[in-house]
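# Structural features, examined
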Amino acid sequence: MVDSPTTWYIEQMTPYERHMHGVKSILASCQSKFQSIEIIDTFDSGRCLVLDGKIQSSESDEFIYHDALVHPAMITHPDPKKVFIIGGGEGATLREVLKYKSVEKVVMIDIDEEVINLSKTYLPSFSAGAFEDSRGELLCIDGRKYLEETNTRFDVIIIDISEPLADSPAYLLFTEEFYKIVKAHLTKEGIITSQIGTSNLNNLLSYVSVYKTLSRVFEEVETYEVFIPCYATPWGFAFASATLNPKKLSLDEVDKRIRDRNINDLKFYDGQTHISLFSLPKHLRAALKSNQGKIIYDNEPLYIYG
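Residues numbered from 1 in each chain as written. Predicted model: local features only at pLDDT ≥ 70, side-chain atom pairs only at ≥ 80, totals over all residues. Heavy atoms only, no water.

## Focus on the packing of helix H7 (residues 205-215) against helix H10 (residues 282-289)
Between H7 and H10, whose axes approach to 9 Å, the crossing angle comes to 55 degrees. Classed by the angle they form, the pair H7 and H10 counts as oblique. Crossing handedness for the pair H7 and H10: right-handed. Here Tyr-207, Val-208, Tyr-211 and Lys-212 of H7 come into contact with H10, specifically with Leu-284, Ala-287 and Leu-288. (Axes fitted to C-alpha atoms, helices over the stretch in contact; angles between N-to-C directions. Helix = DSSP H or I, 4+ residues; strand = E, 2+ residues; numbered from the N terminus. Parallel < 35°, antiparallel > 145°, perpendicular 65-115°, else oblique. Left-handed = near helix turned anticlockwise from the far one by under 90°. Contact = heavy atoms within 4.5 Å.)

This is how it looks when you write it as structure tokens:
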């Protein structure tokens, strides 16, 4: 008989739901200028990065989250050369982007240098050497301010940030004003992709609100979801572009592009997965068309429960 863990990490999802993980040890714990940071070693999910009490990714299944976040956009774009990443301090989003030989430059901005430093120390498998790639430029500044001040346009912009908690550094990166700034920094066939919160049917406020907000800015907007085991819930993502739509790619075309671009070490994403990601169940399709959610503005932000 297996003994029960003596230490539990308890994540509060809503006022009425909590998830528990048995903990082997706490590897790091600190309060940065922006958020609380913990790296914990769990029995089922391995090492996990936790920001402001929310698990961001885990050793056992981070490939699911990062494949889903990165590859639908990178494969849909015909020839991605310049990529911008906001967030992603573990380095795994950067790792996946750099698998594309067409990529000449990646600017990655995470406002919290402590997240990057602790991830390099305790989660080196997440970045797998990506921080040392000469194509990457790593900056620890405000990502929105950077976009407001640069003239550079990008083929793909990936938003890999934490959920919009009150007083967190993330909440102003989910607004209509921010998405207009992003669109102004995309090339003609440019794509934005972002995590947009849980797609749990009991907690769809963020998922629906981000979709409706993006739809006011971009001509082509699709949401998708995947179950993340360490979250114990399905998770939502959004794809937006002025011209491109990932649902127009067939299974065979996705697999052909993966082969042609020599992306040969994916554990989650392929043509069949691409099709399934964008095949939303009926209740989610109905929610996106319903009166749920709201348009998110700088002066009327969305805060999720934390």
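Still to come is the rest of the account.
## Quick look at the state of the cysteines
Note: disulfide means a covalent bond formed between the sulfur atoms of two cysteine side chains. Across all of its chains, the model carries zero disulfides by this definition. The structure places no disulfide on Cys-30, whose sulfur is separated from the nearest cysteine sulfur, that of Cys-140, by 14 Å. (Disulfide = S-S within 2.5 Å.)

## Examining the sheet that holds strand E7 (residues 105-109)
Pairing within the open sheet is mixed, and its seven strands lie in the order E8-E7-E6-E9-E10-E12-E11. Across the chains shown, the open sheet's two edge strands, defined by having one partner strand only, are strand E8 (136-139) and strand E11 (220-228). Strand after strand, the sheet turns through a mean of 15 degrees between neighbouring axes, direction not considered. (Pairing = 2+ DSSP bridges.)

## Remarks on the pattern of salt bridges
The full count for this structure, using the stated rule, is 16 salt bridges. The salt bridge involving Arg-216 is made with Glu-176; its shortest N-O contact spans 2.7 Å. Of this pair, Arg-216 sits in the loop between H7 and E11 while Glu-176 sits in helix H6 (residues 176-184); the two residues are 40 residues apart in sequence, bridging distant segments of the chain. Each of the salt bridges in this network shares a partner with another, and the network as a whole consists of Glu-62, Arg-95, Glu-96, Lys-99 and Asp-265. (Salt bridge = Lys/Arg side-chain N within 4 Å of Asp/Glu carboxyl O.)

## Observations concerning the sheet that holds strand E1 (residues 8-14)
Strand pairing in a sheet relies on backbone hydrogen bonds, with the paired strands running either antiparallel or parallel. Reading across from one edge, E1-E2-E3-E4-E5 is the order of the five strands in this open sheet, with antiparallel pairing throughout. Edge positions in the sheet fall to E1 and strand E5 (54-58), since each of these pairs with one other strand and no more. With direction set aside, neighbouring strand axes in the sheet form an average angle of 45 degrees. With six bridges joining them, E1 and strand E2 (residues 17-31) adopt antiparallel strand pairing. Pairing of Glu-11 across the sheet is with His-19, part of E2. Sheet strands in contact with helix H3 (residues 113-122) are E2, strand E3 (36-42) and strand E4 (46-51), and its direction is about 20 degrees off that of E3.

## Here we look at the pairing of E4
Looking down a regular strand, the side chains alternate between one sheet face and the other. The element E4 is extensively covered by neighbouring structure, given that five of its six residues are classed as buried. Two successive antiparallel strands, E3 and E4, enclose a turn made up of three residues. Two successive antiparallel strands, E4 and E5, enclose a turn made up of two residues, where Asp-52 displays a positive phi of approximately 50 degrees. (Buried < 20%, exposed > 50% of the residue type's maximum accessible area, 1.4 Å probe, protein only.)

## Digging into the environment of Leu-173
Following the sequence through the fold, Leu-173 ends up in the loop between strand E9 (154-160) and H6. Assessed through its relative accessible area of 9%, Leu-173 is described here as buried. For the pair Leu-173 and Pro-5, spaced 168 residues apart in the sequence, the C-alpha separation amounts to 38 Å. When near neighbours in sequence (up to four residues on either side) are disregarded, Leu-173 contacts Ile-86, Arg-144, Ile-161, Phe-178 and Tyr-179.

## What about the pairing of strand E6 (residues 82-87)?
Of all six residues in E6, five are buried; the element is thus mostly enclosed. With five bridges connecting them, E6 and E7 associate as parallel partners. Considered in E7, the bridge of Ile-85 is made with Met-108.

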